[in-house]
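Each chain is listed here by its residues.
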Amino acid sequence: MKRKRNGRYTTTRAQYKEVKKFDHAQLDEFCTRIYLEGIKDGRASVPGTDLTAVMEQIKNVKGIGEKRLAQIEAAVGTLFTGKEDSTE
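Numbers given to residues run from 1 along each chain, matching the order in which its sequence is written. Under the rules for a predicted model, residues below a pLDDT of 70 receive no local features and side-chain atom pairs below 80 are neither given nor counted, while totals for whole chains, interfaces and linings still include all residues. The basis for every side-chain value is the complete set of non-hydrogen atoms in the structure, without hydrogens or water.

> Please clarify how the overall build of the protein should be interpreted in this entry.
Helices and strands together make up the secondary structure of the protein, namely 4 helices and 2 strands. Element order for the protein, N to C, with α for helix and β for strand: β-β-α-α-α-α. Put simply, the protein has 88 residues, and 5% of those count as buried. Put simply, of all contacts in the protein between residues at least 6 apart along the chain, 33% involve residues at least 24 apart. We get accessible surface area from the Shrake-Rupley algorithm with a probe of 1.4 Å; when it comes to residues, only the shown protein chains can shield them. Counting only carbon and sulfur atoms, one obtains 53% of the accessible surface of the protein, whose full area is about 8,000 Å². Runs of E in the DSSP output that reach at least two residues are strands. Runs of H or I that reach at least four are helices, and both are numbered from the N terminus. Each residue gets one of three labels from its accessible area relative to the maximum for its type: buried under 20%, exposed over 50%, partly exposed in between, using a 1.4 Å probe on protein chains only. Between two residues, a contact is recorded if the distance between any of their heavy atoms is within 4.5 Å.

> Explanation requested: helix α2 (residues 24-45) in the structure shown.
Side chains of residues three or four places apart in an α-helix project in the same direction, reflecting 3.6 residues per turn. Relative to the 32 Å expected for 22 residues at 1.5 Å per residue, α2 spans 32 Å between its end C-alpha atoms, a close match to the ideal helical length. Taking the backbone nitrogen of A25 as reference, a side-chain oxygen 3.4 Å away marks D23 as the first, capping residue of α2. Expected span of a helix: the number of residues minus one, times 1.5 Å. Nitrogen and oxygen atoms within 3.5 Å of one another constitute a polar contact, given that in protein one can donate a hydrogen and the other can accept it, and given that sequence-neighbouring residues count only through two side-chain atoms.

> Even after reading the chapter, I still don't get the pattern of salt bridges, so can you show me in this structure?
Close approach of charged atoms allows side chains with opposite charge to pair. When a carboxyl oxygen of Asp or Glu is within 4 Å of a side-chain nitrogen of Lys or Arg, the pair counts as a salt bridge. Summed over all chains, the structure comprises 1 salt bridge. Here K59 makes a salt bridge to E56, at a shortest N to O gap of 3.4 Å. Placement of both K59 and E56 in helix α3 (residues 51-59) is noted, with a separation of 3 residues, approximately one turn of the helix. A relative accessible area of 42% places E56 in the partly exposed class.

> Would you explain the confidence of the model for the protein in this entry?
Any segment with low pLDDT has predicted coordinates that should not be analysed in fine detail. Averaged over the protein, the pLDDT score is 82; the fraction of residues at 70 or greater is 83%. pLDDT runs from 0 to 100 and stands for how confident the predictor is about each residue. When the elements of the protein are averaged for pLDDT, strand β1 (residues 2-3) gives the smallest value, 57, and helix α1 (residues 13-20) the largest, 92.

> Where do I start with the packing of aromatic side chains in this structure?
Think of a pair of aromatic rings as described by two things: how far the centres are apart, and how the planes are tilted against each other in angle. Working definition: a ring pair exists when centres of Phe, Tyr or Trp rings (six-membered ring for Trp) sit within 6.5 Å. Plane angles under 30 degrees give stacked, over 60 give edge-to-face, the rest tilted. In this structure the tally under the stated criterion is 1 aromatic pair. With 5.8 Å between their ring centres and 65° between their planes, F22 and F30 make a pair best called edge-to-face. On the accessibility criterion, F22 (21% relative accessible area) is partly exposed.

> Can you walk me through a positive patch on the surface in this structure?
Residues R13, K17, K20 and K21 make up a contiguous surface patch of positive charge. Inspection of the secondary structure puts K20 in helix α1. Within the patch definition used here, like charges are joined within 9 Å and nonpolar side chains (Val, Leu, Ile, Met, Phe, Trp, Tyr) within 5 Å, considering only residues with over 30% relative accessible area and no salt bridge. Lys and Arg are tallied as positive, Asp and Glu as negative. Neither His nor the chain termini are counted. Charged groups are reduced to one reference atom each: NZ for lysine, CZ for arginine, CG for aspartic acid, CD for glutamic acid.

> Help me understand the environment of D23 in this model?
For D23, the position within the fold is in the loop between α1 and α2. A distance of 3.4 Å separates the side chain of D23 from the backbone nitrogen of A25, its partner in a polar contact.

Structure follows, in structure tokens:
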């Protein structure tokens, strides 16, 4: 499938006829591929967040000490890395 300039997919008549003939597994694969391309495009369009900048701002909050800051960093760090840390 090709894209238009505005980010939408164009479907030719031949592609439409081909998709109509898909069985269940082929349609699942086709839809999954389009979905994953959408996720990739969405992630590329959103700027990343710097964890160190976030932690610097949290450190400035009154009542947040070094121990609590370390706990917050461990908890928030799992969101950025996607890995769970079992050292609690």
